[in-house]
Amino acid sequence: MASPGHSDLGEVAPEIKASERGTALAIADLEWRDMEGDDCESPYGDGTNEAQDNDFPTVERSRLQEMLSLLGLETYQMQKLTLQDSLQISFDSMKNWAPQVPKDLPWNFLRKLQALNAEARNTTMVLDAPPDARPGEEGQMEEEVLYWDTADNIAADIYSFSELPTPDTPVNPLDLLCALLVSSDSFLQQDIILKMFLCQFALPLVLPDSENHYHMFLLWALRGLVRTWWLQPLRGPGSFKEDSVVLPRMPTFAFVRMDVSSNSKSQLLNAVLSPGRRLRDCFWHRDLNLGASPREIADGLVEISWFFPSGREDLDIFPEPVAFINLRGDIGSHWLQFKLLTDISSAVFILTDNISKKEYKLLFSMKESNTKYYFILSPYRGKRNTNLRFLNKLIPVLKIDYSHVLVKVSSTDSESFVRRLQSIVRCVMRSPCRRVSVEDMAHAARKLGLRVDEDCEECQKAKERMEKITRKIRDPEAYKREELRLQGEPWRKVAQVEKELCQLHWAGDSPEKCRSELRGRLLELRAQQNSLDPTWGVQEFVRGISSPSPGEKQYFLRWMELGLARLAQQRLRPPPETLLSLRSKHCGAVDATEPLWPDPLGVEHFLREMGQFYEAESCLVEAGKLPVGQRRFAHFPGLALELLLRGLPLELVDGGSLSVPLRWVTGLLKELHTRLERRSRLVVLSVLGVPGTGKSTLLNTMFGLRFATGKSSSPRGAFMQLVEVAEGFSQDLGCDHILVIDSGGWIGGALTTTGERFELEASLATLIMGLSNVTVVSLAETRDVPLALLHAFLRLETTGHAPSYQFVYQNLHGTSASNPQLRDGRQCPEPLSDGGLAVACGETRGDGVRTLADVAFGDPEKQHVWHIPGLWHGVPPMAAVSLGYSEAIFELKRCLLENIRNGLSNQNKNIQQLIELVRRL
């Protein structure tokens, strides 16, 4: 068996030059032509498709363009569709709409996928047709859902090309996916694939792009995918693993079709990946909605899915991670993809009903392959004697025996047949077999002349810069102390002095001498910070985000996120259950500034360092200790703002000291005001609640954002992201942007109303809620509202800045049913007496018994309380996001936008008002 650090590809191909690429393609073409022979005409075409030469058939060249035109995506071929384009709030964001015309399909698919809706692949058109436009249908329904007639011969589309689609023709979901990916930039592709991964859909690995004569291996698009799993047998915390899916080497099994097969590859793969009778539809197949509609551009698509063990013997089909690959279409028509699969797979399963001379010649060319081959035949199709004759010839050529020939007799033996396949896979895994990573697959793809999306110049330059920085990080905690010197203890001292100054300001009658001493100490600390220069790593980071190329800047930022996350994954971490038990044991007893687990080094630490240099310099300039002309860091807020506009969350509350860097935040907001100009009307939406109640996941699902998730790896501070409102909708909604704030994991630890932790939590909750138009309070099923939030509720009542509230109770431990519904549970939280409020808030009231509803929103009849089903359908890591969760979050989003639209979320703010609020609160 291969060692974990070794790839069984043998000599992995180095990156080949452009001149060598054409040679590789010509060799692939020549091999195919040699197989054809002079005495037989190949049914697979002349091989020019897979050779990717300049003699590409005209009809094939136009098919992609016709599909793009049909879907309204032709305008995105030069200027690609971006992630920011897909996340805009519009009229469609407030309704669960059905596509009316083919041009609606990509946007409907993106909206559903953004909401992690498992029905995204079921996108169909509903056409509004006047009665006279449909002869013989008068008096019938005005809307009709169009489906492909599954009674047609399903195998008929294997060889023949259908007529190009028309507006009345259903679009195959795989065609829609391929067209959308071809039209998207690299970062939207990453987002699409991440959402598909969370929905447990099979992912595109090789994207056919016949229009440009190239197929694309999607390595970059898969880069951001991370999965946790438990190895069998369980041997303590060491059995828990977390890693990117592109890095671990694992057994890989490919399923392909040769000529025609009466068995469905995709259904067979789904059955192999499913424990018992719990069928998963990872791979789209012909029995699903529109699954039998002809593929126009998706033939040649290579898909991948994985099995990861959960640590439960009753659910784990395989004891370790394993990859499964599916080639869409016939191997003869997609020879290059087939060669790639034979080079990377531990075993290849070939489904076919016919093995004749042509198929024999095709497989004879694989005689030097080290891959194991298995045949899956149907006895009711094809010529049995011919099949047996050529099988006997192939057995010595492919170095197999008759145990590698499987016959699927009928549908009645499906379960036993699937168990046999699973047994074969386990047997291959136990034996010495090829183990490859997705990175290894990309090397093999380059050797065959396929393009790899990661090989573009901007991406590679950004990767080199990231590696220069991360190569010097041996111990992340030591790196923070030695290289990010303005953080840690220096920043805590500054924050403490600023806090004392703030308290004296509110006291009003404090001695001026005391204030003067604190100001002097603050200037001394800031002067010490300003005397330092940014270290080499910080300077290199600043150069990376200052690149004149927007693409290179965005690649660099993403590479830094991936590289730093990889460093965190390499450190031994306990499984989530251990962290939960630690939290329950020590909650309320730990220092407010000390996390239960070290804060992982992330991009936010580099931005925090930039913020501290800006803060120190600004403080000295304000005090007249530094001339304005000597400023070195005045441009830092502009650099950070550019990242915010490109979708990166920026810190509002510093996670290191749990304090607000006031000058840095106001600098960012001023820069934002300048950048947005006339479109600066904001609605601020925040989410607060106990750690581990799914706040970040809720926001990511609602708006398609990128807040960090996970109990042990997400940063502690409060972060903000900006969501743009489409210009055509901003007047109706009453704002141009929505500023979304995620409160992080620092509220809910205080169990009493005394002590530093409670004071800190209450102050920060008051700040975030005071800035907000709408606050979503995320709670567990226990209905326990954190004391700090109750304190903030009452404090804001007297300031006139109280937002509109929505309470969300999430089912954190249960899994959702297969067809969950949004529960009708809008009752208000349990009454809290006047005495209870006084205990929570340290205040006395004499106006009788009040409920939390009175405090939060005054009118208990309003629908402000939501019950959200469990996030997962099934058991992680193989669970998909539940349909009930997705639908409930969409309904919550619709309600929030409706309240904003109707003016129920208090007066919207402009950025200047927000800056003033930050200073006051």
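Now for a quick tour of the structure. (Residues numbered from 1 in each chain as written. Predicted model: local features only at pLDDT ≥ 70, side-chain atom pairs only at ≥ 80, totals over all residues. Heavy atoms only, no water.)

### What about the overall build of the chain?
For the chain, the helix and strand inventory stands at 32 helices and 24 strands. Across the 921 residues in the chain, those meeting the buried criterion constitute 57%. Only carbon and sulfur atoms are counted for the fraction: they give 51% of the accessible area of the chain, which is about 38,400 Å². (Helix = DSSP H or I, 4+ residues; strand = E, 2+ residues; numbered from the N terminus. Buried < 20%, exposed > 50% of the residue type's maximum accessible area, 1.4 Å probe, protein only. Areas by Shrake-Rupley, 256 points an atom, 1.4 Å probe, with all protein chains shown as cover.)

### Focus: the packing of aromatic side chains
Tallied over the full model, the rule gives 25 aromatic pairs. When the centroid spacing of 5.1 Å and the interplanar angle of 65° are considered together, the rings of Trp220 and Tyr555 count as edge-to-face. You can see Trp220 sitting in helix H8 (residues 219-222) and its partner Tyr555 sitting in helix H20 (residues 550-570), a full 335 residues away along the chain. Across the pair, exposure class does not vary: Trp220 and Tyr555 are buried alike. What links up through ring pairs into an aromatic cluster is the set Phe187, Trp220, Tyr555 and Trp559. Seen from the ring of Phe201, Arg121 lies directly overhead, with NZ or CZ sitting 3.9 Å from the centre. For Lys393, the ring lying beneath its charged end belongs to Tyr360, and the centroid distance is 5.7 Å. (Phe/Tyr/Trp six-rings, centres within 6.5 Å; stacked < 30°, edge-to-face > 60°. Lys NZ or Arg CZ within 6 Å of the ring centre and 35° of its normal.)

### Regarding unusual backbone geometry
Peptide bonds are, in most cases, trans, and in most cases residues other than glycine have a negative phi. The step from Pro876 to Pro877 runs through a cis peptide bond, and the omega angle for that step is 10°. Along the chain, the position of Pro877 falls in the loop between strand S22 (872-873) and strand S23 (880-881). One non-glycine residue, Leu658, adopts positive backbone phi at about 55°. Mapped onto the secondary structure, Leu658 falls in the loop between strand S15 (650-653) and helix H24 (662-676). Even without a glycine there, the phi angle at Glu677 is positive, about 55°. Along the chain, Glu677 falls in the loop between H24 and strand S16 (681-689).

### A look at the pairing of S16
Burial analysis of S16 places eight of its nine residues in the buried class, the great majority of the element. One ladder, built from two bridges, connects S16 with strand S24 (residues 909-910); its direction is antiparallel. Within S24, the residue paired with Arg681 across the bridge is Asn910. Examined bridge by bridge, S16 and strand S19 (residues 774-779) share five bridges and lie parallel to one another. By the bridge assignment for S19, Ser686 is matched with Thr775. (Pairing = 2+ DSSP bridges.)

### Some remarks on the packing of helix H5 (residues 105-114) against helix H6 (residues 173-182)
The N-to-C vectors of H5 and H6 enclose an angle of 90°; their axes lie 10 Å apart at closest approach. As the angle between them shows, H5 and H6 are arranged roughly perpendicular. Each of Leu105, Pro106, Phe109 and Leu110 in H5 lies in contact with H6, whose residues at this interface are Leu176, Leu177 and Leu180. Taken together, the residues that form the contact of H5 with H6 break down as seven nonpolar, no polar and no charged. (Axes fitted to C-alpha atoms, helices over the stretch in contact; angles between N-to-C directions. Parallel < 35°, antiparallel > 145°, perpendicular 65-115°, else oblique. Contact = heavy atoms within 4.5 Å. Nonpolar A, V, L, I, M, F, W, Y, C, P; charged D, E, K, R; others polar.)

### Structural notes on the side chain of Lys195
Checked against the element boundaries, Lys195 lands in helix H7 (residues 186-198). On the basis of relative accessible area, Lys195 is assigned to the buried category, the value being 5%. Not counting chain neighbours up to four residues away, the residues in contact with Lys195 comprise Leu113, Gln114, Leu116 and Gly704.

### Some thoughts on the environment of Pro649
Within the secondary structure, Pro649 is located in the loop between helix H23 (636-645) and S15. Through-space distance from the C-alpha of Pro649 to that of Ala718 is 9.4 Å; in sequence the pair is 69 residues apart.

### Thoughts on the packing of H7 against H20
H20 packs onto H7 with a crossing angle of 35° between their chain directions and a minimal axis gap of 11 Å. Between H7 and H20, the contacting residues are Ser186, Phe187 and Gln190 on the first element and Gly551, Gln554, Tyr555 and Arg558 on the second. For the contact of H7 with H20, the residue count by class is two nonpolar, four polar and one charged.

### Re the nonpolar core
In this structure, Leu205, Phe217, Phe253, Trp306, Phe324, Phe349 and Phe375 are the most contacted members of the largest nonpolar core, which totals 157 residues. Setting aside chain neighbours within four positions, we find Leu205 in contact with Met216, Phe217, Leu218, Leu222, Val302, Glu303, Ile304, Ile325, Val438 and Met441. Within the second largest apolar cluster, 79 residues are counted, among which are Leu658, Leu669, Val785 and Leu790. (Core = buried A, V, L, I, M, F, W, Y, C linked by side-chain atoms within 4.5 Å.)

### Some details on H20
Counted at 1.5 Å a residue, the expected span for H20 with its 21 residues is 30 Å, and the 31 Å between its end C-alpha atoms agrees. Of all 21 residues in H20, 17 are buried; the element is thus mostly enclosed. (Expected span 1.5 Å × (residues − 1).)

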